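# A structural walkthrough
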Amino acid sequence: VTIAAKAGAVEDASRLMERVRAGDADAFEALYDRYHRLVYGLALRVLADRGAAEDVTQAVFLKIWDRPALFRGGNFAAWLARVTRNRAFDAVRARSVRAEGDFPASMPVDEALEEVAIAHLDGARVRDALAQLPPEQREPIELGFFGGVTHQEIARRIGLPLGTVKTRIRTGLRRLRNALEGAVTV
Amino acid sequence: MSPHDEMLDAVAAYALGALPAHEASEVIGHLRGCAECRAEYRLLQPAVTAVAYSAEACADPASGAGQASPLLKTRIMKQVRGEVSRARASRPWAAYAAAAACLALAIMTGLVDLSLSGRLSQERAQVAEQNQTIADFMAPDSRRHPFAGGEVLMRGQRLYIAMHDMPMPPKGKVYQAWTLAKGAKTVAPSETFMPAPSGMTVVRLPEAATTLAAVAVSIEPEGGSRQPTSKPIAMISLQ
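Residues numbered from 1 in each chain as written. Chains lettered and ligands numbered in written order. Predicted model: local features only at pLDDT ≥ 70, side-chain atom pairs only at ≥ 80, totals over all residues. Heavy atoms only, no water.

## What to know about the overall build of chain A
Along chain A, the regular secondary structure elements total eight helices and two strands. When the elements of chain A are put in sequence order from the N terminus, they spell out α-α-α-α-β-α-α-α-α-β. Split into buried and exposed, the 186 residues of chain A put 50% on the buried side. Contacts in chain A between residues at least 24 apart in sequence constitute 67% of all its contacts with a sequence separation of at least 6. Here chain A has roughly 8,100 Å² of accessible surface; of this, 49% comes from carbon and sulfur atoms. (Helix = DSSP H or I, 4+ residues; strand = E, 2+ residues; numbered from the N terminus. Buried < 20%, exposed > 50% of the residue type's maximum accessible area, 1.4 Å probe, protein only. Contact = heavy atoms within 4.5 Å. Areas by Shrake-Rupley, 256 points an atom, 1.4 Å probe, with all protein chains shown as cover.)

Given below as structure tokens:
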């Protein structure tokens with residue numbers, strides 16, 4: 001049932017995006033209601049500033065409204081998370097004195113993500129699953145995703161060799177994926 | 001660890017978005033030719049989306065600390081629905097608001113040469129200005145003075161000239177706005193501007209709206225003139 005429900009949600013988002021392409025403001029509002037907590041929460045985690053996170057949220061949703069064709073199908077939540085993270089990192093760059101080369105590359109957003117959707121993905125459930133990971137795996141994953149730093153910087157901060165950091169990221173992501181089972185291909 | 005195991009680890013760091021650009025392109029190149037690494041990438045991708053979800057704001061409004069202000073939704077939906085009503089009713093004042101939004105976007109995209117921090121603060125200022133313009137054009141209490149080819153809109157002390165179907169001025173020329181203060185005998189120079197490719201223009205004049213008796217527009221040499229050098233293409237009385 002949960003798998004079907006998730007597949008339904010994924011399909012819904014794609015259908016809503018079709019209506020947004022046709023200029024349907026009600027469909028856009030439904031998307032906002034469903035996904036604004038993901039967009040705002042992610043931006044807030046990266047930027048640690050409510051005003052800046054709201055700016056990113058507004059920019060992301062207005063971009064969806066103005067240029068819905070940027071979403072080329074696939075898993076909408078995965079695409080949205082990438083768009084949001086890229087935008088939030090732009091804001092981090094803008095207020096940073098770090099060299100451009102110290103920032104991770106933007107995540108690709110211009111192709112359909114044939115990503116497997118995990119059933120029942122919500123904040124509380126994932127936070128629980130992440131909390132189950134050993135800290136030495138969780139820490140580099142969280143730093144890597146939210147910190148706006150490259151693996152070199154993660155290695156420096158944690159004080160581990162680069163290779164070890166990458167291995168821990170991989171092991172941790174695999175473990176997280178297993179913990180969140182119930183995956184279904186869409 | 002074999003070199004290929006190292007590549008699999010790099011694929012994980014890439015999936016997480018933690019590689020600098022040059023290493024990311026190496027992984028992308030490798031993924032094209034390596035089925036094993038592509039399988040690993042597909043396996044890890046959903047976990048990365050899950051990590052994003054771990055930051056999702058709480059659904060419970062009682063713990064509002066992690067949530068965006070409800071005003072944010074109001075702001076976004078106002079803009080979205082404003083554009084829809086413009087498209088449906090094709091009322092010129094709503095079209096001007098959309099033109100202002102496009103103009104602001106065009107300005108933002110044009111700012112690539114500035115430093116990133118400069119760009120961000122400029123973007124913020126642009127967005128604020130754009131929101132103000134849209135609000136003014138949508139507001140029922142704005143005063144409108146239509147003329148052939150556009151309208152002058154006043155709200156409080158803010159004053160805009162909105163025009164449509166404007167041809168590009170001849171090379172070396174620009175449009176210039178002129179203002180006539182109440183009781184004055186001669187016009188004073190105001191903003192110079194160019195139409196958007198669509199032929200639409202929304203210009204905010206810096207003068208306080210209530211101090212003015214009339215507004216005019218003429219074509220002038222680049223940089224503007226101190227007195228009109230050509231017959232105005234529009235003269236609008238605000239009385």
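## Describing helix α3 (residues 35–53) of chain B
Helical periodicity: at 3.6 residues per turn, an α-helix aligns residues three or four positions apart in one direction. For α3(B), which comprises 19 residues, the first-to-last C-alpha distance of 28 Å matches the rise-based estimate of 27 Å (1.5 Å per residue) to within 8%. Bending of α3(B) peaks at approximately 25° at the position of Leu44(B), with proline Pro46(B) no more than four residues after it. (Expected span 1.5 Å × (residues − 1). Bend = angle between axes of the 7 residues up to and from the residue.)

## Observations regarding the interface of chain B and chain A
Contacts between the two partners involve 61 residues from chain B and, on the opposite side, 70 residues from chain A. Regarding the contact of chain B and chain A, the summed buried area is about 5,600 Å², with carbon and sulfur atoms giving 60% of it. Contact with chain A buries surface across chain B, with Leu16(B), Tyr53(B) and Glu56(B) losing the most and accounting together for 12% of the total. Applying the counting rule to chain B against chain A returns eight salt bridges. In this structure, the salt-bridge partner of Asp33(A) is Lys73(B), at a minimum N-O distance of 2.8 Å. (Buried area = accessible area lost by both parts, 1.4 Å probe. Salt bridge = Lys/Arg side-chain N within 4 Å of Asp/Glu carboxyl O.)

## Observations concerning the sheet that holds strand β3 (residues 158–163) of chain B
Residues and elements named next belong to chain B. The four strands lie next to each other as β1-β2-β3-β6, forming an open sheet whose pairing is antiparallel. Looking at which strands have only one partner, the edges of the open sheet turn out to be β1 (143–147) and β6 (201–205). Taking each pair of neighbouring strands and ignoring which way they run, the sheet shows an average axis angle of 15°. As paired strands, strand β2 (residues 150–155) and β3 are joined by six bridges and run antiparallel to one another. Within β3, the position partnered with methionine 154 by the bridge is leucine 159. (Pairing = 2+ DSSP bridges. Axes fitted to C-alpha atoms, helices over the stretch in contact; angles between N-to-C directions.)

## Observations regarding the confidence of the model for chain B
When pLDDT is averaged along chain B, the result is 82, and 81% of the positions lie at 70 or above. Two numbers describe this predicted complex: its pTM, 0.62, and its ipTM, 0.91. (pLDDT = per-residue confidence, 0-100.)

## What about the state of the cysteines?
Residue and element names in this part refer to chain B. According to the stated counting rule, one finds zero disulfides over all chains in the structure shown. With no disulfide of its own, cysteine 37 has cysteine 34 as its nearest cysteine by sulfur position, at a separation of 3.7 Å. For cysteine 37, a relative accessible area of 0% translates into the label buried. (Disulfide = S-S within 2.5 Å.)

## A closer look at the nonpolar core
Residues Phe28(A), Tyr35(A), Ile64(A), Phe76(A), Phe145(A) and Leu173(A) are the most contacted members of the largest nonpolar core, which totals 89 residues. Looking at this core, the element that brings in the most residues is helix α2 (residues 25–47) of chain A, giving 14 residues. If sequence neighbours within four positions are ignored, Phe76(A) has contacts with Ala13(A), Met17(A), Leu31(A), Tyr35(A), Ile64(A) and Phe71(A). One finds Met154(B), Leu159(B), Met166(B) and Val215(B) within the second-largest nonpolar core, a separate group that totals 19 residues. (Core = buried A, V, L, I, M, F, W, Y, C linked by side-chain atoms within 4.5 Å.)

## A closer look at the pattern of salt bridges
Applying the stated rule across the entire model yields 18 salt bridges over all chains. The network of salt bridges with shared partners includes Asp26(A), Glu29(A), Asp33(A), Lys73(B) and Arg81(B).

## With respect to the packing of helix α8 (residues 162–179) of chain A against helix α1 (residues 3–16) of chain B
A pair of packed helices is characterised by two quantities: the angle between their axes and the separation of those axes. Interhelical geometry of α8(A) versus α1(B) gives an angle of 70° and a closest axis separation of 8 Å. Here α1(B) runs roughly perpendicular to α8(A), going by the angle between their axes. The handedness of the crossing between α8(A) and α1(B) comes out as left-handed. When α8(A) is examined against α1(B), the residues Gly163(A), Lys166(A), Thr167(A), Ile169(A), Arg170(A) and Leu173(A) are found in contact with a partner set consisting of Asp5(B), Leu8(B), Asp9(B), Ala10(B), Ala12(B), Ala13(B) and Leu16(B). Here the contact of α8(A) with α1(B) is built from residues that sort into seven nonpolar, two polar and four charged. (Parallel < 35°, antiparallel > 145°, perpendicular 65-115°, else oblique. Left-handed = near helix turned anticlockwise from the far one by under 90°. Nonpolar A, V, L, I, M, F, W, Y, C, P; charged D, E, K, R; others polar.)

## Thoughts on the confidence of the model for chain A
This prediction gives chain A a mean pLDDT of 87; 89% of its residues lie at or above 70. In the model of chain A, strand β2 (residues 183–184) of chain A stands out as the element of lowest mean pLDDT, 45, in contrast to helix α6 (residues 135–146) of chain A, which has the highest, 96.

## With respect to the sheet that holds strand β4 (residues 173–181) of chain B
All names here are of chain B. Strand order in the open sheet made by the four strands is β5-β4-β7-β8, with antiparallel pairing throughout. Edge positions in the sheet fall to β5 (188–193) and β8 (234–237), since each has one partner strand and no second. Averaged over all adjacent pairs, the angle separating strand axes in this sheet is 20°, with direction ignored. Here β4 runs beside β5; their pairing, made up of four bridges, is antiparallel. Counterpart to tryptophan 178 in the pairing with β5 is proline 189.

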